[in-house]
Amino acid sequence: MEQVTFDKAVGFILAALFALVIGVSMWALLVGDYMHGVMNEQAQRSLRIVGFAGALAALATWWVQGFAAHRGPVVRFLFALFIFVVAFSSIGGMLRVIYSYVTYPSQQDWSLSGLYWASQSDLISFVIFMLVPPRPAYAALILATAAYIAVFGPRIPKTA
């Protein structure tokens, strides 16, 4: 019983550190892209959102990886890749919605349809922000994140 609790605590600490590294790495990649020009406030806000979204998506992917823990390495990799991309895009869009609703509450439509369309538009604008222009470094970081989670994430050994 005591060993299981210790293992879970160490796993949580490793997952939190991994999420921190991924969040800082995603933020740093974009800062490197924008260093050649002057960043306006919107770009700085988007950079912070990318960092937080990357960290939260990595943490969520690590946690959800328990569902594929008994599968082979290829399935664990594909599962982690899919979950990370979906979580990263969703969390990034959600953080953009939250930021706009907190910063400019009087300018927002607070009805259910207004919240829905705001979340859709911010999700699409976040995904476009990440895809245009194409950033091979982000693709490599996303693949590396999925590979790391597949190899070092939660696993349940197969029993004979």
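Note that the structure is a prediction, hence the values are computed from the model and not measured.

Basis of the calculations
Residues numbered from 1 in each chain as written. Predicted model: local features only at pLDDT ≥ 70, side-chain atom pairs only at ≥ 80, totals over all residues. Heavy atoms only, no water. Helix = DSSP H or I, 4+ residues; strand = E, 2+ residues; numbered from the N terminus. Buried < 20%, exposed > 50% of the residue type's maximum accessible area, 1.4 Å probe, protein only. Lys, Arg positive; Asp, Glu negative; His and termini not counted. Charge placed at Lys NZ, Arg CZ, Asp CG, Glu CD. Axes fitted to C-alpha atoms, helices over the stretch in contact; angles between N-to-C directions. Parallel < 35°, antiparallel > 145°, perpendicular 65-115°, else oblique. Left-handed = near helix turned anticlockwise from the far one by under 90°. Contact = heavy atoms within 4.5 Å. Nonpolar A, V, L, I, M, F, W, Y, C, P; charged D, E, K, R; others polar.

Considering the overall build of the chain
Okay, so step 1: Broken down by element type, the chain carries five helices and zero strands.
Okay, so step 2: In sequence order, the chain lays out its α and β elements as α-α-α-α-α.
Okay, so step 3: Dimensions of the chain, computed from C-alpha atoms along their principal axes, come out at roughly 60 × 40 × 25 Å.
Okay, so step 4: When burial is assessed residue by residue, the chain has 34% of its 160 residues classed as buried.
Okay, so step 5: Placing the 9 positive and 6 negative side-chain charges of the chain at their respective mean positions leaves the two points 11 Å apart.

Description of the environment of Val10
Okay, so step 1: Counting through the fold element by element, Val10 comes out in helix H1 (residues 2-34).
Okay, so step 2: A C-alpha to C-alpha distance of 21 Å links Val10 and Gly54, two positions 44 residues apart in sequence.

A look at the packing of helix H2 (residues 41-64) against helix H5 (residues 136-152)
Okay, so step 1: Contact geometry for H2 and H5: axes closest at 10 Å, N-to-C directions at 25°. By the angle between their axes, H2 is roughly parallel relative to H5. As H2 runs across H5, the sense of the crossing is right-handed. On H5, the residues that touch Val50, Ala58, Thr61 and Trp62 of H2 are Tyr138, Tyr148, Ile149 and Phe152.
Okay, so step 2: Looking at the contact of H2 with H5 residue by residue, the classes come out as seven nonpolar, one polar and no charged.

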